Amino acid sequence: MQGKFLIRPLFMGLLAVGALGSSVIASANISTSQSTDGIIAAVNDEIILKSELIAASAALAAEYQANNINATPAQIQRAALDSLITRKIQLGIINRAGVTTNEAVINRQMLQIARSQGLDSLAALQSSLDSKQAGSYAALRKQLIEDAAIGALWQHQVSTRVNITDQEVEAFLNSPDAASISQTQYHLIHIRVPYKADANTKDKARAQSVAEQITTNLQNGDSLNAALDKVKDYEPQPQGADTGMINQSALPAHIAAHIANQSAGSVTQPIVTEAGIDVVKLVAKNDNARVLIPEWQTSHILARVDDTQNAAMAEQKINALYNELQKGADFANLAATYSDDSGSAQQRGSLGWVGEDQMVPEFENVMKNTEKGDYSTPFRSQFGWHILKVDNERTRDVTDQYRKNTAREMIFSRIAPQAEEDWIQEMRAAAHIEIFE
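In what follows, the accompanying structure is described. Small disclaimer: the values here were computed from a predicted structure and weren't measured. Here, residues in each chain are numbered from 1, in the same order as that chain's written sequence. Selection of residues for local features in this predicted model requires a pLDDT of at least 70, selection of side-chain atom pairs for listing and counting requires 80 or more, and totals for whole chains, interfaces and linings are taken over all residues. As a convention, hydrogens and water are excluded, and side-chain values are obtained from all of the structure's heavy atoms.

**What about the environment of I433?**
A run of DSSP states H or I qualifies as a helix once it reaches four residues; a run of E qualifies as a strand once it reaches two. Both are numbered from the N-terminal end. Mapped onto the secondary structure, I433 falls in strand β13 (residues 433-435). The rule is simple: take the accessible area with a 1.4 Å probe, protein chains only, and divide by the maximum for that residue type; under 20% is buried, over 50% is exposed, in between is partly exposed. A relative accessible area of 2% means that I433 is categorised as buried. Spatially, the C-alpha atom of I433 lies 49 Å from that of T243, the residues being 190 residues apart in sequence.

As structure tokens, this is what we get:
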């Protein structure tokens, strides 16, 4: 069956007709008002509904307005449809591959959204969203899952098309562009004025006013707590943090961009984001910092929870081993004999040197709070029950590796857009896309 295809508008980048394979270019305007069955387009085995296009068009119009991009309603609608078509193709690939998403990561993202709205749990977020419109919480979660899967697909497909050699990295580091790779450290006071879950124009104006008040308070020398105390009547309550010295690479991009040329003691003007309005005070700045990371030399004993050993059995086993440790048994001997982690058991429980974000959150939290030379009480992770021992601690200088990694990322960012365009054209050429006028 012959399909129809829509060329992206000029401001989104034209696709060459020759790259569209056997697809037919649709020249007529797409009218959602003429849809009788709710289906706007078919993309392979996926469909695009009228409601999806309306929502996508509204979101894109808001994005264009925020970025001062001029476009007609027809152009916005066509760009939104173009984006939906690409998304449906990608989701089809993901579904056929049986890709699954890390639920813990999605939960963390959902919790961040909850906290940005002044809520302290996922249950509270679900109650808030669903009270406004039934199914909103599930829709948001689905959106995050799809976005994560598409991001992983993009990373895999584009990265395999971009080959960056060590020689190119060295050449970049020896070029003037390398001057931008400086691991500056900042000490910040960061306050966010969140929007209400169903914020309208009036609510956002109120948030802007509160953010401006906070800006003035910080400029006048108020501490974090003093600045927050003066806006207690605003709901949801603004959230703030004193970061201490933090590496530039750990900052959100929009904050790093606003403070890059600021001097110590200055306060940014309110920074508008999708989740709320940020105000940032630059307390101190260190331009000559090296990149130092903490590491822990760690061992552990695992009582695994699996088909052969349920949670109760694993807990009983780990408690028995903990009792032996308290009686003076040698940790390494117990790990070698009884740990269900066969890899580390062969090393007498040793996991070597472990850095941040290398282990599951439960393990990392206990590791950071265990004294050097001591072992922890039993704790549970997704793998089972653990006891860990911190044998030593150190701080490692990774400045050179950081510079090389950053250079590689900067080179990649320059090459990736063309690689992405090539990939998208290939996907579209292989897809059956039909737009219903």
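**What about the sheet that holds β13?**
The strands that make up a sheet are held in pairs by hydrogen bonds between backbone atoms, and each pair lies either parallel or antiparallel. Taking strand neighbours across the sheet as the criterion, the three strands line up as β4-β3-β13 in an open arrangement whose pairing is antiparallel. Because the sheet does not close on itself, it has two edges, and the strands there are β4 (46-49) and β13. Geometrically, the sheet is characterised by an average inter-axis angle of 20° between neighbouring strands, direction not taken into account. Bridge count for strand β3 (residues 39-43) against β4 is four bridges, and the pairing is antiparallel. Directly across from V43, in β4, lies its bridge partner E46. Here helix α2 (residues 73-97) sits on the sheet in contact with β3, β4 and β13, set at roughly 150° to β4. Here, strands pair whenever DSSP counts at least two bridges between them. In this analysis an axis means a line fitted to C-alpha atoms, helices contributing only their contacting stretch, and an angle means the value between N-to-C directions, from 0 to 180 degrees. We call two residues in contact when some of their heavy atoms are within 4.5 Å.

**Notes on the pairing of β3**
Consecutive side chains of a regular strand alternate in pointing toward one face of the sheet and then the other. A large share of β3 lies buried, amounting to four of its five residues. Taking the residues that link successive antiparallel strands as the turn, the β3-β4 hairpin has two residues, and the phi of N44 there is positive, at about 55°. The pairing of β3 with β13 spans three bridges and is antiparallel. Along β13, the bridge assignment pairs V43 with I433.

**Some words on the nonpolar core**
Ranked by internal contacts, the top residues of the largest apolar core, which has 40 residues, are I48, L81, I85, I89 and V158. For this core, the secondary-structure elements that each account for two or more residues are β3, α1 (50-66), α2, α5 (136-159), α6 (166-173), α14 (399-430) and β13. With sequence-adjacent residues up to four places away left out, I89 is seen in contact with V43, M427, R428, A431 and I433. Side-chain atoms within 4.5 Å link the members of a nonpolar core, which is a set of buried Ala, Val, Leu, Ile, Met, Phe, Trp, Tyr and Cys residues. By size, the runner-up hydrophobic cluster in this structure holds 17 residues, among which are I191, A207, A211 and L218.

**Quick notes on the pattern of salt bridges**
Salt bridge, as used here: a side-chain nitrogen of Lys or Arg that lies within 4 Å of a carboxyl oxygen of Asp or Glu. According to the stated counting rule, one finds 21 salt bridges in the structure shown. Ionic pairing is found between D147 and R87, a salt bridge with its closest N-O pair at 2.9 Å. Of this pair, D147 sits in helix α5 while R87 sits in helix α2; the two residues are 60 residues apart in sequence, bridging distant segments of the chain. Residue K232 is joined to D229 by a salt bridge in which the shortest nitrogen-to-oxygen separation is 3.6 Å.

**Here's the deal with the sheet that holds strand β9 (residues 292-304)**
One open sheet holds the four strands; their spatial order is β10-β9-β12-β11, and the pairing between them is antiparallel. Both outer strands of the open sheet, β10 (350-355) and β11 (379-381), are each paired with one neighbouring strand and no more. Taking the axes of each pair of neighbouring strands and ignoring which way they run, one obtains an average angle of 45° across the sheet. Across five bridges, the pairing between β9 and β10 is antiparallel. Each residue of the ladder has a partner; that of T298, found in β10, is G352. Relative to the sheet, helix α10 (residues 311-326) contacts β9, β11 and β12 (384-397), its axis offset from that of β12 by approximately 60°.

**Notes on the packing of helix α4 (residues 122-132) against α5**
At a minimum axis separation of 7 Å, α4 and α5 run at an interaxial angle of 115°. Mapping the contact onto sequence places L122, L125, Q126, L129 and D130 in α4 and S136, Y137 and L140 in α5. Each residue belonging to the contact of α4 with α5 can be placed in one class, and the counts come to five nonpolar, two polar and one charged. Only Asp, Glu, Lys and Arg are considered charged in this grouping, and only Ala, Val, Leu, Ile, Met, Phe, Trp, Tyr, Cys and Pro are considered nonpolar; every other residue, Gly among them, is considered polar.

**Here's the deal with α10**
Think of an α-helix as 3.6 residues a turn; residues three or four steps apart then line up on the same face. The terminal C-alpha atoms of α10 lie 22 Å apart, and with 16 residues this matches the ideal 22 Å at 1.5 Å per residue to within 8%. Among all positions in α10, only A314, I318, L321, Y322 and L325 are buried. Buried residues of α10, seen end-on, are gathered within an arc of 105° and therefore sit on one face of the element. Exposed and oriented more than 90 degrees from the buried face of α10 are A312 and Q316. Buried-residue contacts for α10 involve β9, α11 (331-338) and β12. At the N-terminal end of α10, a side-chain oxygen is found 3.2 Å from the backbone nitrogen of A312, two or three residues along, and the residue is N310. Backbone geometry just after α10 places G328 at a positive phi near 110°. Every helix has an expected span of 1.5 Å times one less than the residues it contains. Arc definition: directions from the helix axis to the C-beta atoms. Whenever a nitrogen or oxygen atom comes within 3.5 Å of another N or O atom, the pair is scored as a polar contact, on the condition that within protein one atom can donate a hydrogen and the other can accept it, and that pairs from neighbouring residues in sequence are kept only if both atoms are in side chains.

**Brief notes about the side chain of H300**
Among the secondary structure elements, H300 is positioned in strand β9. Reaching out from H300, the side chain makes a polar contact with the side chain of S344 at a distance of 3.4 Å.

**A short note on the packing of α10 against α11**
It is the contact of α10 with α11, at a shortest axis distance of 10 Å, that shows an interaxial angle of 155°. Compared by their axis directions, α10 and α11 come out roughly antiparallel. Once α10 is placed against α11, the crossing between them reads as right-handed. Residue-level contacts link K317, L321, E324 and L325 of α10 to F331, L334 and Y338 of α11. When the residues that make up the contact of α10 with α11 are grouped by side-chain class, the tally is five nonpolar, no polar and two charged. Any angle between 65 and 115 degrees counts as roughly perpendicular, while under 35 counts as roughly parallel, over 145 as roughly antiparallel, and the rest as oblique. When the near helix sits turned anticlockwise from the far one by under a right angle, the crossing is termed left-handed; a clockwise turn instead gives a right-handed crossing.

**As for the environment of Y64**
Tracing the sequence through the fold places Y64 in helix α1. When the C-alpha positions of Y64 and A419 are compared, they lie 25 Å apart, and in sequence the two are 355 residues distant.

**Some thoughts on α11**
Taken residue by residue, α11 has F331, L334 and A335 as its buried positions. With its buried residues spanning 100° around the axis, α11 presents them on a single face. On its buried side, α11 packs onto β9, α10, α12 (342-345) and β12. N-capping of α11 is provided by D330, with a side-chain oxygen placed 3.2 Å from the backbone N of A332.

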